[in-house]
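Architecture and fold: a report
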Amino acid sequence: MSNNSFDIRAYTGFRAITFLCLAILYAPLVVVTIYSFNASQSLTNWEGLSLRWYVEVFTGPESAKFKTAARNSFIIAIIAATTATILATLAATAMVRGGKFRLRTLSFGLISLPLMVPEIVLAVATLIFFNSIGLDRGLLTILLAHIAFCIPFAYLPISARMQGIEDSYEQAALDLYATKRQAFTKILLPLMMPGIISGFLLAFIVSLDDFIITNFVKGAGVETLPTAIFGSVKQGIKPNIMAISTLLLLVSIVMVTISYLVSKKDNTK
Amino acid sequence: MAAGAASGGSATTDTYKEARTWLLMPAWVTLTILVLAPVLMMLVYSFLTKEFRGGVIWEFSLSAYDQFFFDRGLFGDDPPKIEWTYITIFWRSIWQAGAATLLSLVIGFPTAYFIATRSPQMRPVWVFLITIPYWVNLLIRTVSMKFLLRDEGPLNDALIGIGLLDDPLRIINTNFAVQLGLFYSYLPFMVLPIYAAVERYNFALSEAAADLYASKWTTLRRILLPAIKPGVVAGCILVFVPSMGSFLAPDLLGGAKNFMIGSLIEEQFKGNAGNWPFGAAASMILLTMVLIILMISARQQAKADRA
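Reference entry: report on the structure contained in this document. (Residues numbered from 1 in each chain as written. Chains lettered and ligands numbered in written order. Predicted model: local features only at pLDDT ≥ 70, side-chain atom pairs only at ≥ 80, totals over all residues. Heavy atoms only, no water.)

**Some thoughts on the overall build of chain B**
Regarding its fold elements, chain B presents 13 helices and 4 strands. Seen through its principal axes, chain B has C-alpha atoms that stretch 75 × 70 × 35 Å. Buried positions account for 48% of the 307 residues belonging to chain B. In chain B, the proportion of contacts linking residues at least 24 apart, taken out of those at least 6 apart, comes to 62%. Between the averaged position of the 23 positive side-chain charges in chain B and that of its 21 negative side-chain charges there is a distance of 9 Å. (Helix = DSSP H or I, 4+ residues; strand = E, 2+ residues; numbered from the N terminus. Buried < 20%, exposed > 50% of the residue type's maximum accessible area, 1.4 Å probe, protein only. Contact = heavy atoms within 4.5 Å. Lys, Arg positive; Asp, Glu negative; His and termini not counted. Charge placed at Lys NZ, Arg CZ, Asp CG, Glu CD.)

Here you go:
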């Protein structure tokens, strides 16, 4: 049906534009990945395959800086995503399984607030807030800011998943004299697991990737991977930056793929 | 998912009605303290007096907003003239974001339509392909774009190599580079809502139009587009709003001549200008503009739902 010229749904050129769209989306990433394996010192010339820039990332003069930055990034991402996922799971249970209540719309507005406020504005607001309560900028301020903006990213897949689960499973458990707590932990939570994992992974990536807010609330000398990369790039793109970028790209793609596969899994059967 | 889909999939029940306050409390408290209170504090700061070398003096003042809109000369006692510097930066941001939105619409609409008319098994795969780049670090994507578009970059090398060009295209440090960067940053936001709208669209309407001898393009314009308008509007907003306040694309791809709001704000807190109340005021003006756009669109969406 799709190649039939009488198909009223098909428009000439739309397929070509779709492929153009994919080409635009992937070209820069593919090019950087390829050039990260370039043996040449210069960015312009191609001198054959080599892993020297990856070796440089782990052993070169900047490796200590990037190692610390990577450790900070991962510690913050794990704690922020875990906290946000717990808060989002509890909130989603109230929003989806809590009946209709007056504060429901307001609560949803509050949860999605970090998505509506432009990131740079949230960055300014957070910096001003920490400054006004006298909290010194450092890892803690980065972590607190990350928890806040991770919540909606964790919440959306979790609540979507919960809306797709009929409550008959929990009702059956309650009919069989399970307590509400048991119905929640033994029935709803396991059924929700794909949504929770998917929410956690998305929150994790969003935290790992954040530059703008981190750049505002980090103290002097405290770096995460994106701020360390930005600092380096300001002096010009170097091949070792492309190697780091490729590694981070790999982490993101692996996590999104896991999140996608997990969320597709149907464990209600 | 199949069981949920059969029952409509969006049923809300009241199984945990008694516990809901306690379930919501942690999220409420966290977001109130870490998002709502900071935004209010920023509003307060925008009305304070600036302290040289960053920070504020707790003294009410309108000078941040005054500085934004009026020029009172070097010593502040000339008759006020309109100060165009910052208005121009805001105007440029709106213009750049608008161009990026248009670019995203031109590429994103056919893409979304194409994906929505694939077989139901293939649709999620296409959506997945479109969303992957979004999850890659925005900084890395912008740096990659810069690398690709450089004067001696792979794009120019390729174009010169196949004899299409003699001299490299100078794209970096132009308005167009920024538009391209913004387009690249937020394209999935355009595709996804349009895709969702087309997927829900009833193609029997198009068939009816075709039966009445409407051409394909007339059908697209007069039947499909009005039906999926909410999706198109949502996509445009989702690209326009983050584009307007973006920092990385103008900073890395645009150079100093193509300053946007994001860079202006950042400079107040990081750079040498160091005027916190002014940065807070510029942020408030940006936030107000965004909230107005969101409110207008929410009202129209509600109107469309009622109709």
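Once you've had a look at it, read on.
**A closer look at the packing of aromatic side chains**
Enumeration according to the criterion identifies 36 aromatic pairs over all chains in this entry. Ring centres of Phe14 of chain A and Trp217 of chain B lie 6.2 Å apart, and the angle between their planes is 70°; on these two criteria the pair is classed as edge-to-face. Pair noted here: Phe14 of chain A is in helix α1 (residues 14-35) and Trp217 of chain B is in helix α10 (residues 216-244), and the two residues belong to different chains. Measuring from centroid to centroid gives 5.1 Å for Phe68 of chain B and Phe90 of chain B, while their planes differ by 85°, and the two rings are edge-to-face. Here Phe68 of chain B is found in helix α3 (residues 63-69), whereas its partner Phe90 of chain B is found in helix α4 (residues 84-116), with 22 residues between them in sequence. Taken as a pair, Phe68 of chain B and Phe90 of chain B share a single burial class, namely buried. (Phe/Tyr/Trp six-rings, centres within 6.5 Å; stacked < 30°, edge-to-face > 60°.)

**Concerning the side chain of Asn38 of chain A**
Tracing the backbone through its elements, the reader meets Asn38 of chain A in the loop between α1 and α2 (52-59). Overall, the relative accessible area of 2% leaves Asn38 of chain A in the buried class.

**Describing helix α6 (residues 139-163) of chain A**
Residue and element names in this part refer to chain A. Between its terminal C-alpha atoms α6 stretches 36 Å, which fits the 36 Å expected from 25 residues at 1.5 Å a residue. A maximum bend of about 35° is found in α6 at Cys150, where proline Pro152 lies one to four positions downstream. Buried residues dominate α6, accounting for 19 of its 25 residues. (Expected span 1.5 Å × (residues − 1). Bend = angle between axes of the 7 residues up to and from the residue.)

**A look at the interface of chain B and chain A**
Contacts between chain B and chain A engage 96 residues on the former and 105 residues on the latter. Together, Tyr16, Trp135 and Phe147 of chain B form the three largest contributors to the area buried by chain B at its contact with chain A, with a combined 9%. Where chain B packs against chain A, one counts 1 salt bridge. One salt bridge connects Lys234 of chain A with Asp251 of chain B, and the closest N-O pair in it is separated by 2.6 Å. Where chain B meets chain A, there are 14 residue pairs in polar contact (both at pLDDT 80 or more). Looking at the side of chain B that touches chain A, the element that brings in the most residues is helix α2 (residues 20-45) of chain B, giving 19 residues. (Buried area = accessible area lost by both parts, 1.4 Å probe. Salt bridge = Lys/Arg side-chain N within 4 Å of Asp/Glu carboxyl O. Polar contact = N/O pair within 3.5 Å; in protein donor to acceptor, adjacent residues only side chain to side chain.)

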